[in-house]
Amino acid sequence: MKKKILFRSLMGAPIGVLVSLIITIIFSLCMGHGEYFPAPHELIDWCGGNETTAVIVQMICSLFIGAIGGGSSVIWEIEKWSLLKQTLVHLAIISVPFFGIGYIMNWMPHYLYGALGYVGGFIAVYVIMWCSIYFSIKAKIKKMNKHLQEIQQEDIKEK
């Protein structure tokens, strides 16, 4: 299990950076008016006005979040846990560092309603992704069960 967590963490880390890069591109397309914003202005200010340092700090934090996301995926393989328990534990494991880093990196506003909006958006995206994966797996299981029934019916006919 430890090797699986380590492997998935190592795979998740660069995915975290890629997602972070995509978010900066989308943000810049929507808000930049042709200008690229590699990091929030508040983070750049926090880094002494050095944009390169801010991007490096943001990249390290994105690596960390990606690693946590990848490593925590092993939770879905704990068969003795209910789906509800798996979901709640997974959500807790990824949300705590995500919100902490999000606050420090200025990915979320530092006022109550802005932070609540950020948390709400995070939970909404989590629910959408969870439902997409759940219904996709459910459809695959239904298809496999149908295929097994067809095989069983063929076996019965042959006898």
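This text goes with the structure placed above it.
Bear in mind the structure is a predicted one, so any value in this text is a computation, not a measurement.

## A look at the overall build of the protein
The secondary structure content of the protein amounts to 5 helices and 0 strands. Beginning at the N terminus, the succession of helices and strands in the protein can be written as α-α-α-α-α. A compact globule built from 159 residues would reach a C-alpha radius of gyration of about 15 Å, whereas the protein, at 21 Å, exceeds it by more than 25%. Projected onto its principal axes, the C-alpha coordinates of the protein cover approximately 80 × 35 × 30 Å. Counting every position in the protein, which comprises 159 residues, the buried fraction comes to 28%. Sequence separation of 24 or more characterises 53% of the internal contacts of the protein that already satisfy a separation of 6 or more. Total accessible area on the protein stands at roughly 11,500 Å², and carbon and sulfur atoms take up 72% of it. Separation between the mean location of the 13 positive side-chain charges and that of the 10 negative ones in the protein comes to 13 Å.

## Here's the deal with the packing of aromatic side chains
Per the counting criterion, the structure on display carries 8 aromatic pairs. Ring geometry for Phe-98 versus Tyr-118: centroids 6.2 Å apart, planes at 20 degrees, classification stacked. On the criterion of sequence distance, the pair formed by Phe-98 in helix H4 (residues 83-104) and Tyr-118 in helix H5 (residues 112-158) is long-range, its members being 20 residues apart. Ring geometry for Phe-99 versus Phe-122: centroids 4.9 Å apart, planes at 70 degrees, classification edge-to-face.

## Focus on helix H3 (residues 51-71)
Relative to the 30 Å expected for 21 residues at 1.5 Å per residue, H3 spans 30 Å between its end C-alpha atoms, a close match to the ideal helical length. Among all positions in H3, only Ala-54, Gln-58, Cys-61, Ser-62, Ile-65, Gly-66, Ala-67, Ile-68, Gly-70 and Gly-71 are buried. The distance from a side-chain oxygen at the start of H3 to the backbone nitrogen of Thr-52 is 3.0 Å, and the residue carrying that oxygen is Asn-50.

## A word on a nonpolar patch on the surface
A grouping of Leu-18, Leu-21, Ile-22, Ile-25, Ile-26, Leu-29 and Tyr-36 is seen on the molecular surface, where their side chains present a nonpolar patch of about 680 Å² in accessible area. Examined against the element boundaries, Leu-29 turns out to sit in helix H1 (residues 2-31). Using a relative accessible area of 68% as the deciding quantity, one classes Leu-29 as exposed.

## Points about the environment of Leu-18
Note on placement: Leu-18 falls in helix H1. With 12 residues separating them along the chain, Leu-18 and Leu-6 place their C-alpha atoms 19 Å apart.

## Focus: the pattern of salt bridges
Considering all chains together, one arrives at 2 salt bridges under this definition. Taking the shortest distance from any N to any O, the salt bridge between Lys-4 and Glu-77 comes out at 2.8 Å. Separated by 73 residues along the polypeptide, Lys-4 in helix H1 and Glu-77 in the loop between H3 and H4 bring together distant segments of the chain. By relative accessible area, which is 40% here, Lys-4 ends up partly exposed.

## Some thoughts on unusual backbone geometry
You will see that Asn-106, though not glycine, has its phi angle at about 65 degrees, which is positive. Among the structural elements, Asn-106 can be located in the loop between H4 and H5. Judged by relative accessible area, Asn-106 falls into the buried class, the value being 17%.

## Focus on the side chain of Ser-95
With respect to the element layout, Ser-95 can be found in helix H4. Overall, Ser-95 belongs to the buried group, its relative accessible area being 11%. Within polar-contact distance, the side chain of Ser-95 engages the backbone oxygen of Leu-91 at 2.7 Å.

The rules behind the values
- Residues numbered from 1 in each chain as written.
- Predicted model: local features only at pLDDT ≥ 70, side-chain atom pairs only at ≥ 80, totals over all residues.
- Heavy atoms only, no water.
- Helix = DSSP H or I, 4+ residues; strand = E, 2+ residues; numbered from the N terminus.
- Rg over C-alpha atoms; globule rule 2.2 N^0.38 Å.
- Buried < 20%, exposed > 50% of the residue type's maximum accessible area, 1.4 Å probe, protein only.
- Contact = heavy atoms within 4.5 Å.
- Areas by Shrake-Rupley, 256 points an atom, 1.4 Å probe, with all protein chains shown as cover.
- Lys, Arg positive; Asp, Glu negative; His and termini not counted.
- Charge placed at Lys NZ, Arg CZ, Asp CG, Glu CD.
- Phe/Tyr/Trp six-rings, centres within 6.5 Å; stacked < 30°, edge-to-face > 60°.
- Expected span 1.5 Å × (residues − 1).
- Polar contact = N/O pair within 3.5 Å; in protein donor to acceptor, adjacent residues only side chain to side chain.
- Patch = residues over 30% accessible without salt bridge, like charges linked within 9 Å, V, L, I, M, F, W, Y side chains within 5 Å.
- Salt bridge = Lys/Arg side-chain N within 4 Å of Asp/Glu carboxyl O.

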